[in-house]
Amino acid sequence: MCYYIGIESLVVGALVEMLQRDESQRSVSYATIEKYGNAVVKVLEDQNEEAVLVLSRANTRGFIMDCSDIFHVEDPDSPDGRIVLREGVGPRELARRFAGRMPLAIINALADERSVRALLAA
């Protein structure tokens with residue numbers, strides 16, 4: 001099976017991991033999402049799973065529009081842009097809203113120590 005990993009999974013995974021360590025970490029940059037995504041793909045490949053990142057401006061804009069009640073973007077057209085979690089939204093709400101649509105293999109790869117290390121180092 002080949003897993004296609006999009007912006008939704010990466011943003012949710014990154015913010016959940018970051019919030020569990022520091023509740024003040026409520027945003028993630030585009031560059032960090034890409035580094036985290038590459039680490040997630042590597043974790044899956046190490047488990048003999050095929051995985052592909054699907055990241056594009058169109059997907060990102062669609063995701064933000066669909067989830068404007070949860071996220072907003074600072075500097076959307078800049079490589080330094082950040083996806084910001086709105087006040088009052090926490091890791092439990094993120095998990096409840098998004099995790100049910102993700103395969104378990106992706107959820108595990110998002111939380112894998114190697115992926116999290118790449119996320120926090122970015």
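Refer to the structure above for everything that follows.
We now turn to the structure provided with this report. Because the structure is predicted, anything quoted here is derived from the model rather than measured.

Thoughts on unusual backbone geometry
In terms of backbone geometry, most residues other than glycine have negative phi values and most peptide bonds are trans.
At step 1: Although it is not a glycine, N48 adopts a positive phi angle of roughly 60 degrees.
At step 2: Inspection of the secondary structure puts N48 in the loop between α2 (30-46) and β3 (50-54).
At step 3: Residue N48 is classed as exposed on the basis of its relative accessible area of 72%.
At step 4: A positive phi is found at D75, a non-glycine position, where the angle reads about 55 degrees.

Quick notes on the packing of helix α1 (residues 7-21) against helix α3 (residues 57-66)
At step 1: Interaxial distance between α1 and α3 falls to 9 Å at its minimum, and their mutual angle equals 60 degrees. Taken as axis vectors, α1 and α3 run oblique relative to one another. Each of I7, E8 and V11 in α1 lies in contact with α3, whose residues at this interface are N59, T60 and F63.
At step 2: The residue makeup of the contact of α1 with α3, split by class, is three nonpolar, two polar and one charged.

What about the pairing of strand β1 (residues 2-6)?
At step 1: Side chains Y3 and I5 of β1 all project onto a buried face; the interleaved residues C2, Y4 and G6 project onto a face where none is buried.
At step 2: Taken together, the five bridges between β1 and β3 define a ladder with parallel strand orientation. Looking at the pairing, Y4 lines up with V52 of β3.

Details of a nonpolar patch on the surface
At step 1: Together, Y4, V52 and V54 give the surface a local cluster of nonpolar side chains, amounting to about 270 Å² of exposed area.
At step 2: Relative to the helices and strands, Y4 resides in strand β1.

Here's the deal with the nonpolar core
At step 1: The biggest cluster of nonpolar side chains holds 36 residues, and the ones touching the most others in it are F71, I83, L94 and F98.
At step 2: Counting residues per element, this core draws most heavily on α1, which supplies nine residues.
At step 3: Contact partners of F71, with chain neighbours within four places excluded, come to V11, V12, L15, F63, I64, I83, V84, L85, R86, L94 and F98.

Looking at the packing of helix α5 (residues 104-111) against helix α6 (residues 113-121)
At step 1: Two elements in contact, α5 and α6, have axes separated by 5 Å at closest approach and are oriented at 50 degrees. Compared by their axis directions, α5 and α6 come out oblique. Seen from α5, the contacting residues are A109, L110 and A111; seen from α6, they are E113, S115 and V116.
At step 2: Within the contact of α5 with α6, the residues separate by chemical class into four nonpolar, one polar and one charged.

Things to note about the packing of aromatic side chains
At step 1: All chains considered together, the criterion is met by three aromatic pairs.
At step 2: Between F63 and F71, the aromatic rings sit 5.2 Å apart at their centres with planes inclined by 45 degrees, giving tilted as the arrangement.
At step 3: The exposure class of F71 is buried, given its relative accessible area of 1%.
At step 4: Here F71 and F98 contribute two aromatic rings whose centre-to-centre distance is 6.3 Å and whose plane-to-plane angle is 40 degrees, an arrangement assigned as tilted.

Considerations on the sheet that holds strand β4 (residues 71-74)
At step 1: Read from one edge to the other, the open sheet built from three strands follows the order β2-β5-β4, with strand pairing classed as antiparallel. In the strand order of this sheet, the two ends are held by β2 (27-29) and β4, each with one partner. Ignoring strand direction, the axes of neighbouring strands in this sheet form an average angle of 25 degrees.
At step 2: Of the pairings in the sheet, the one linking β2 to strand β5 (residues 82-85) comprises three bridges and is antiparallel in character. Note on β5: the bridge partner recorded for S27 is V84.
At step 3: Here α1 sits on the sheet in contact with β2, β4 and β5, set at roughly 125 degrees to β2.

Calculation criteria
- The written sequence of each chain sets the order in which its residues are numbered from 1.
- Reporting in this predicted model follows two pLDDT cut-offs: at least 70 for local features of residues, and 80 or more for side-chain atom pairs to be given and counted; totals over whole chains, interfaces and linings ignore these cut-offs and use all residues.
- With hydrogens and water stripped out, all remaining heavy atoms of the structure feed into the side-chain values.
- Secondary structure is summarised from DSSP: a helix means a run of H or I of at least four residues, a strand means a run of E of at least two, and numbering begins at the N terminus for each.
- Summary of the burial criterion: residues with accessible area below 20% of their type's maximum are buried, those above 50% are exposed, and those between are partly exposed, where the area comes from a 1.4 Å probe applied to protein chains only.
- As a rule, the C-alpha atoms of each element are fitted with a line to give its axis, helices using only the stretch in contact, and angles between N-to-C directions run from 0 to 180 degrees.
- Roughly parallel refers to an angle under 35 degrees, roughly antiparallel to one over 145, roughly perpendicular to one between 65 and 115, and oblique to any angle outside these ranges.
- Contact definition: two residues touch when any of their heavy atoms are within 4.5 Å.
- The nonpolar class holds Ala, Val, Leu, Ile, Met, Phe, Trp, Tyr, Cys and Pro. Asp, Glu, Lys and Arg form the charged class, and all remaining residues, Gly among them, are polar.
- Only strands that DSSP links by at least two bridges are regarded as paired with each other.
- Candidates for patches are residues over 30% relative accessible area with no salt bridge; among them, like charges are joined within 9 Å and nonpolar side chains (Val, Leu, Ile, Met, Phe, Trp, Tyr) within 5 Å.
- Here the open area of atoms and residues is found with the Shrake-Rupley method and a 1.4 Å probe, where only the protein chains shown may cover a residue.
- Between Lys or Arg on one side and Asp or Glu on the other, a salt bridge is scored when a side-chain nitrogen of the former is within 4 Å of a carboxyl oxygen of the latter.
- By nonpolar core we mean a set of buried residues, namely Ala, Val, Leu, Ile, Met, Phe, Trp, Tyr and Cys, connected to one another through side-chain atoms within 4.5 Å.
- Working definition: a ring pair exists when centres of Phe, Tyr or Trp rings (six-membered ring for Trp) sit within 6.5 Å. Plane angles under 30 degrees give stacked, over 60 give edge-to-face, the rest tilted.

Structural measurements only, silent on function.
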